[in-house]
Structure formats: structure tokens, C-alpha cells
Amino acid sequence: FENVTGLDDTAERHLTSAHDIAIMSKELIQHETILQYSSIWMDTIRDGAFGLTNTNRLVRFYPGCTGLKTGSTSKAGFCVSVTAERDDFSLICVIMGAESRDIRNAIASELLDWGFANYGIYTAQASALDPIPVVGGCENSCLISHGDFSVVLPKGKISTVEAQITLPEKLEAPIHIGDQVGTVGFLCNGELVGSISICAEQNVEKINFFEILRRITARFLLI
């Protein structure tokens with residue numbers, strides 16, 4: 001970047017790529033307020049005296065479009081970064097160097113249609129697993145769980161995903177909440193497409209002499 005505006009009238013080495021724009025867009029939409037504004041088609045300001053219309057016509061004419069930003073210069077052509085969502089599945093489409101606004105919008109619509117038709121999202125919800133035995137701890141076992149997981153895949157492969165749990169036979173105290181104790185790998189036709197950590201859900205302190213003595217005494221008294 002040679003300036004802070006993005007304008008390239010006088011810039012000679014001011015360059016970016018569709019991939020760059022997609023990365024920036026992905027980061028921007030983590031802030032939901034941006035989509036609240038970029039999804040508005042028309043609005044007014046100054047007590048209704050001045051009307052505003054979104055330059056991204058896909059907000060009105062493409063189902064599920066939520067934003068994001070148009071732009072054009074004589075060198076760059078007509079560009080847009082489009083965000084759209086259907087069935088909790090979001091896509092980002094970046095078009096650069098189009099000859100006109102209509103061509104830009106048509107190509108973006110086609111690319112989004114292709115993405116929604118061919119790709120989907122595999123999800124695995126957070127889940128508790130069977131407690132794992134603990135050696136040398138004040139507790140004989142530890143509660144464990146994994147968080148949510150999701151990955152974008154071709155629709156035809158989503159049903160083939162298998163979860164593979166990797167855990168040791170037992171853990172050694174001390175253990176702290178949040179410690180990673182294993183993993184869940186997600187395989188698609190034998191290929192790893194992602195993984196998530198299995199973590200401890202409780203603290204397990206290392207047993208000491210006095211705790212051992214207390215247990216022996218309690219067992220003796222019961223006998």
C-alpha cells in the first residue's frame with residue numbers, strides 16, 4: 001500500500017489481491033456491527049432530509065447477502081467483497097477488475113451460487129466424554145470434554161466425516177482445568193481435515209501423605 005485511502009490515481013506500486021481482500025473481510029465480519037450497517041439497503045440521515053442507498057446492489061437482489069464493500073477506480077476496475085449467509089453457512093466472495101458494475105455483480109452472484117451449491121459445513125458440538133482414570137491423585141478420575149468444531153467441506157464429503165478420539169489410558173496428577181489431555185481428529189475418507197483438543201474439566205491435586213493416611217484410616221474403621 002502506498003497510501004491509506006486505497007486510491008491508485010497516482011500510485012505506481014499500490015497492489016493487493018483477492019486473497020488479501022478476503023482475509024481482511026474475514027477479520028472485519030468478526031465484528032457484528034459492521035454487518036448490521038453493510039446489510040442496510042437504504043436509509044436517511046439529517047432527519048430524513050438526505051437519502052442513502054447502498055452501492056452494493058447484491059444486498060437487495062441476492063438472497064442472504066449481508067455486505068460488505070464495493071470499490072472502483074480506473075486502474076482496478078469494478079471490485080467488490082460480498083458476504084452472504086444461508087443456513088448458518090457464510091461465504092466471502094471477492095471480485096476484482098470487472099468491466100462494469102453489472103458484470104461485477106453477475107460474476108459475484110454466480111460464484112456465490114456455486115459455493116452454496118457445492119460446499120457445506122460439518123459441525124460437531126461440544127461434548128463431555130467418559131472420565132479418564134488418574135494415577136496419584138486425590139480423585140481416581142478426571143472429567144474431560146471437547147469444544148465445538150466446524151470445517152467447510154464439499155457437500156458430498158460431509159457425511160463421510162468420522163471422529164477419532166486419541167487419549168492416554170490414564171493421567172498422572174496433578175491436573176488443572178483446561179489442561180489438554182488428548183485430541184479429537186476428524187477424518188474425511190482417511191484424510192485429517194481438522195482436530196480439536198480434549199481438556200480437563202476439573203482440578204485433580206496430587207495425593208499427599210496425609211490424604212493417604214486418611215484413606216487408610218477410613219478403610220480400617222469401616223472394616
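Above this note sits the structure.
Residues numbered from 1 in each chain as written. Predicted model: local features only at pLDDT ≥ 70, side-chain atom pairs only at ≥ 80, totals over all residues. Heavy atoms only, no water.

**Focus: the sheet that holds strand β11 (residues 171-172)**
Pairing within the open sheet is mixed, and its six strands lie in the order β10-β12-β13-β8-β7-β11. Only two strands of the sheet have a single neighbouring strand rather than two, namely β10 (161-166) and β11. Inspection of the sheet shows strand β12 (residues 180-188) paired to strand β13 (residues 191-200) by eight bridges, in the antiparallel sense. When the bridges of β13 are listed, T183 appears paired with S197. (Pairing = 2+ DSSP bridges. Helix = DSSP H or I, 4+ residues; strand = E, 2+ residues; numbered from the N terminus.)

**Here's the deal with the nonpolar core**
Counting 22 residues, the largest nonpolar core has Y122, V134, C142, F149, I175 and F186 as the members making the most contacts within it. Taken together, the elements giving at least two residues each to this core come down to β6 (119-124), β7 (127-135), β8 (141-146), β9 (149-154), β12 and β13. With four residues, the top contributor of residues to this core is β12. Ignoring anything within four residues of it in the chain, the contact list for C142 reads P131, I132, V134, I175, A200, Q202 and V204. W41, V80, F89 and C93 belong to the second-largest nonpolar core, a separate cluster that totals 16 residues. (Core = buried A, V, L, I, M, F, W, Y, C linked by side-chain atoms within 4.5 Å. Buried < 20%, exposed > 50% of the residue type's maximum accessible area, 1.4 Å probe, protein only. Contact = heavy atoms within 4.5 Å.)

**A closer look at the pattern of salt bridges**
Within the structure shown, the criterion is met by three salt bridges. In this structure, R101 engages D102 in a salt bridge whose closest nitrogen and oxygen atoms are separated by 3.7 Å. (Salt bridge = Lys/Arg side-chain N within 4 Å of Asp/Glu carboxyl O.)

**As for the packing of aromatic side chains**
Counting across every chain of the model gives five aromatic pairs. Both rings, one in F89 and one in F116, keep their centres 6.0 Å apart while their planes meet at 85 degrees; by these two values the pair is edge-to-face. Of this pair, F89 sits in strand β5 (residues 89-98) while F116 sits in helix α4 (residues 101-118), and the two are 27 residues apart along the sequence. Residue classification places F116 among the buried positions, given a relative accessible area of 8%. Joined through ring pairs, the aromatic side chains of Y122, F149 and F186 make up one cluster. Taking NZ or CZ as reference, R46 lies 5.4 Å from the ring centre of F50, over its face. (Phe/Tyr/Trp six-rings, centres within 6.5 Å; stacked < 30°, edge-to-face > 60°. Lys NZ or Arg CZ within 6 Å of the ring centre and 35° of its normal.)

**Some points on the environment of R104**
Of note, R104 is situated in helix α4. Between the C-alpha atom of R104 and that of V94, which follows or precedes it by 10 residues, the distance is 9.6 Å. In this view, R104 contacts T55, T70, G71, F78, C79, V80, I95 and A98; residues no more than four positions away in its chain are not counted. For R104, the side chain forms a polar contact with the main-chain oxygen of C79, separated by 3.1 Å. (Polar contact = N/O pair within 3.5 Å; in protein donor to acceptor, adjacent residues only side chain to side chain.)

**Structural notes on the layout of surface pockets**
If you add up the space inside the largest pocket, you get close to 860 Å³. Lining of the largest pocket is provided by 34 residues; of these, G6, T16, I21, G71 and C79 occupy positions nearest its centre. Those elements that place two or more of their residues in the lining of the largest pocket are α1 (18-28), α2 (32-38), β3 (65-73), β4 (77-86) and β5. In terms of residue count, the dominant contributor to the lining of the largest pocket is β3 (six residues). Taken together, the residues that form the lining of the largest pocket break down as 16 nonpolar, 14 polar and four charged. Empty space within the second largest pocket amounts to approximately 270 Å³. (1 Å grid on protein atoms, 1.4 Å probe; cavity = no way out; pocket = protein on both sides within 12 Å on 5 of 7 lines; lining within 4 Å. Points joined across faces, edges and corners; volume = space filled by probe spheres on them. Nonpolar A, V, L, I, M, F, W, Y, C, P; charged D, E, K, R; others polar.)

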